[in-house]
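Structural overview for review
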Amino acid sequence: MISKILKVLKPKSSLRKYNSLTVDSFFNLSESEQKAVCQRLTPYKPNEWDIFKAVEKKFIDDYGDQEAVSEVFCGLAPGVGPYNSINVTILKAKKRVNLPKHYLGFPVLKHFLREK
């Protein structure tokens, strides 16, 4: 019984080592670790804000050249509550975009906007 409790508690307690991440240390985490840590990051801490901006820049470098991608913002998702994500504004009436569901642990949310 105790071993079952310890297995359940271990993932939460092991996240303590991620309290003071740098951008490089975040990028060096495994995909599963990035997903676990992602929702525990807060954009209000300067060192963690640097992680958001680095992920945003890397996402733009990898996917921002698609014609329909208008804007990219890595931070709190609008209207979803305290949920960290990469928010991508997609222009309608453009070529289809090819975006991942998750990127460096962050979920990718698409927001569609009619062309101005």
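The model shown is predicted, which means the values in this text are computed figures rather than measured ones. (Residues numbered from 1 in each chain as written. Predicted model: local features only at pLDDT ≥ 70, side-chain atom pairs only at ≥ 80, totals over all residues. Heavy atoms only, no water.)

1. A closer look at the overall build of the protein
Using the following cut-off: Put simply, DSSP H or I for four residues or longer makes a helix, DSSP E for two residues or longer makes a strand, and each gets a number counted from the N terminus. Exposure classes here rest on a 1.4 Å probe applied to the protein chains alone. A residue is buried below 20% of its type maximum, exposed above 50%, and partly exposed in between. The contact criterion used is simple: two residues touch if any of their non-hydrogen atoms lie within 4.5 Å. Note that accessible areas follow from Shrake-Rupley with a 1.4 Å probe, and for residues the cover is restricted to the protein chains shown.
The secondary structure content of the protein amounts to 4 helices and 4 strands. Starting at the N terminus, the α and β elements of the protein follow one another as α-α-α-α-β-β-β-β. Residues counted as buried form 35% of the 116 residues belonging to the protein. When contacts within the protein are restricted to residue pairs at least 6 apart in sequence, those whose partners lie at least 24 apart make up 43%. Per element, the accessible surface of the protein, about 7900 Å² overall, is 55% carbon and sulfur.

2. Remarks on the sheet that holds strand S2 (residues 84–91)
Quick note on the threshold: Two strands pair under a simple rule: DSSP has to find at least two bridges between them. Axis geometry follows a simple rule: fit a line to the C-alpha atoms, using only the stretch in contact for helices, then measure angles between N-to-C directions, giving values from 0 to 180 degrees.
Taken in spatial order, the 4 strands make up an open sheet running S1-S2-S4-S3, and their pairing is mixed. Pairing within the sheet leaves two strands with one partner each, and these edge strands are strand S1 (69–76) and strand S3 (102–103). Summarising the sheet, S1 and S2 pair through 7 bridges and their orientation is antiparallel. Paired with Leu76 across the strands is Asn84, a residue of S2. Where helix H4 (residues 46–63) meets the sheet, its contacts fall on S1, S2, S3 and strand S4 (106–113), and the angle it forms with S1 comes to roughly 155°.

3. Focus: the packing of aromatic side chains
Selection rule: Ring pairs are drawn from Phe, Tyr and Trp, using the six-membered ring of Trp, whenever the two centres fall within 6.5 Å, and their geometry is named by plane angle: stacked under 30 degrees, edge-to-face over 60, tilted for the rest.
Using the criterion set out here, one finds 8 aromatic pairs in the structure. Relative to Phe27, the ring of Phe26 has its centre 6.3 Å away and its plane inclined at 55°; by these criteria the two rings are tilted. Overall, Phe26 belongs to the buried group, its relative accessible area being 0%. Judged by centre distance (5.1 Å) and plane angle (85°), the rings of Phe59 and Tyr103 are edge-to-face. Taken as a pair, Phe59 in helix H4 and Tyr103 in strand S3 lie far apart in primary sequence, 44 residues in all. The two residues Phe59 and Tyr103 agree in class, both being buried. Three or more aromatic residues link up through ring pairs in this structure, and these residues are Phe26, Phe27, Trp49, Phe52, Phe73 and Phe106.

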